[in-house]
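Chain residues, written in single-letter form:
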Amino acid sequence: MIKIDDSELRRKVIAELDWDPSIDNSAIGVAVKDGVVTLNGSVVNYSQKKNAERAAKHVAGVKAVAEDLKIKLPGTAERSDADIAQSVLGGLRFNVDVPHERIQVTVENGWVTLDGDVEWQYQKTAAENAIKYLMGVKGFTNTIRIKPRVSTADVKAKIESAFARRAQLDANQIKVESTESKVTLRGSVHSWDEKEQAEQAAWAAPGVSNVENYVIVNP
């Protein structure tokens, strides 16, 4: 592997930020030390903040990204916490995947905290996606808990049934362990695609909030 010096890596990261039309990098500073990229300065919304981090990670030679960007809205776009809270509640309410009546919202200085209980991981993720790009949101903390209405044994049985339905998976080669909301997969498959399919099937089970995939790929 060819080692890229820090000055060259910095130039490449800046070029990548320039290249992405979704990012206004006029107020973004880039520093590189030993392959670790630090982004500092400001952007106008959360979307640009995450896009800048993603763009930096795409550059070959980058070992890690330390993102220290602040969200600084234009003067006319500043919003009160009450306004942001109303927008967040609306975003949750109009997303059909979110059981909004089970989620509590707190906003402090533009930072949104989501709390409550849902049955599925996709509902927790959908709640994030419904609000994280709203104007004025500077960041969020998702403390929503996954609380299924099914037992641990039921979760295990549902995942094993899902494996059996998928033609590409050899269900007999994958062992499922379930403890409360955590699922652990072990065994072996013939390809990375099969391994990923097994993990996706596990995530789809009700109440699952953590999947540890120890399945080995053995072509």
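Quantities reported herein were computed from a predicted structural model and do not represent experimental measurements.

Rules and cut-offs
Residues numbered from 1 in each chain as written. Predicted model: local features only at pLDDT ≥ 70, side-chain atom pairs only at ≥ 80, totals over all residues. Heavy atoms only, no water. Phe/Tyr/Trp six-rings, centres within 6.5 Å; stacked < 30°, edge-to-face > 60°. Core = buried A, V, L, I, M, F, W, Y, C linked by side-chain atoms within 4.5 Å. Buried < 20%, exposed > 50% of the residue type's maximum accessible area, 1.4 Å probe, protein only. Contact = heavy atoms within 4.5 Å. Helix = DSSP H or I, 4+ residues; strand = E, 2+ residues; numbered from the N terminus. Salt bridge = Lys/Arg side-chain N within 4 Å of Asp/Glu carboxyl O. Pairing = 2+ DSSP bridges. Axes fitted to C-alpha atoms, helices over the stretch in contact; angles between N-to-C directions. Expected span 1.5 Å × (residues − 1). Arc of directions from axis to C-beta.

Colleague: I tried to follow the packing of aromatic side chains on my own but got confused; where do I start?
Modeller: A ring pair, where both rings are aromatic, is described by two values, the distance of the centres and the angle of the planes. Counted by the stated rule, this structure contains 3 aromatic pairs. Between tryptophan 120 and tyrosine 122, the ring centres sit 6.1 Å apart and the planes meet at 50°, which makes this aromatic pair tilted. These aromatic residues form a ring-pair network of at least three members: Tyr46, Tyr133 and Phe140.

Colleague: Which parts of the structure should I look at to understand the nonpolar core?
Modeller: Soluble globular proteins: nonpolar side chains tend toward being buried together. In this structure, Leu17, Leu39, Leu92, Val112 and Leu114 are the most contacted members of the largest nonpolar core, which totals 38 residues. In this view, valine 112 contacts Ile84, Val88, Val105, Thr106, Val107, Ile131, Val137, Gly139, Phe140 and Thr141; residues no more than four positions away in its chain are not counted. Grouped together as the second largest cluster of nonpolar side chains are 17 residues, Ile159, Ile174, Val183 and Ala198 included.

Colleague: Would you mind showing me how to read the environment of leucine 17 here?
Modeller: Relative to the helices and strands, leucine 17 is located in helix α1 (residues 6–19). Expressed as a C-alpha distance, the spacing of leucine 17 and isoleucine 146, which sit 129 residues apart in the sequence, is 37 Å. Excluding residues that lie within four positions of it along the chain, leucine 17 makes contacts with Ile23, Asn25, Ile28, Val30, Leu39, Ala52 and Ala55.

Colleague: Please explain the pattern of salt bridges as it appears in this structure.
Modeller: Note on pairing: side chains with opposite charge can pair once their charged atoms come close. Using the criterion set out here, one finds 13 salt bridges in the structure. A salt bridge links arginine 145 to aspartate 117; its shortest N-O distance comes to 2.9 Å. Remark: aspartate 117 occurs in strand β5 (residues 111–118) and arginine 145 occurs in strand β7 (residues 145–146); sequence separation between them is 28 residues. Glutamate 177 is the salt-bridge partner of arginine 186, the closest N and O atoms lying 3.0 Å from each other. Look at arginine 186 and you get partly exposed, because its relative accessible area is 36%. On the basis of relative accessible area, glutamate 177 is assigned to the partly exposed category, the value being 26%. Through salt bridges with shared partners, a single ionic network connects Glu8, Arg11 and Lys12.

Colleague: Can you help me understand the sheet that holds strand β1 (residues 28–33) in this one?
Modeller: Think of a sheet as strands paired side by side through backbone hydrogen bonds, with each pair either parallel or antiparallel. Taken together, the 3 strands give an open sheet; going across it, the order is β1-β2-β3, and neighbouring strands pair in mixed fashion. What marks the edges here is a single partner per strand, and that holds for β1 and β3 (64–71). Across the sheet, the axes of successive neighbouring strands diverge by a mean angle of 10°, strand direction being ignored. The pairing of strand β2 (residues 36–43) with β3 spans 8 bridges and is classified as parallel. Paired with threonine 38 across the two strands is alanine 66, which belongs to β3. Docked against the sheet, α1 engages β1 and β2, running at close to 150° with respect to β1.

Colleague: Would you take a moment to explain helix α6 (residues 192–203) for this structure?
Modeller: The α-helix advances 3.6 residues per turn, and as a result positions three or four apart in sequence lie on the same side. Taking 1.5 Å per residue as the helical rise, α6 with its 12 residues ought to reach 16 Å, and the 17 Å between its terminal C-alpha atoms agrees with that figure. Along α6, the positions that sit buried rather than exposed are Glu194, Lys195, Gln197, Ala198, Ala201 and Ala202. Down the axis of α6, the buried side of the element spans an arc of 160°, and every buried residue falls inside it. The inward-facing, buried residues of α6 abut α5 (152–165), β8 (174–179), β9 (182–189), β10 (210–213) and β11 (216–217).

Colleague: Is there a simple way to explain the side chain of threonine 184 in this structure?
Modeller: Within the element layout of this structure, threonine 184 appears in strand β9. The exposure class assigned to threonine 184 is buried, which follows from its relative accessible area of 7%. Apart from the residues within four sequence positions on either side, threonine 184 is in contact with Lys175, Val176, Glu177, Glu212 and Tyr214.

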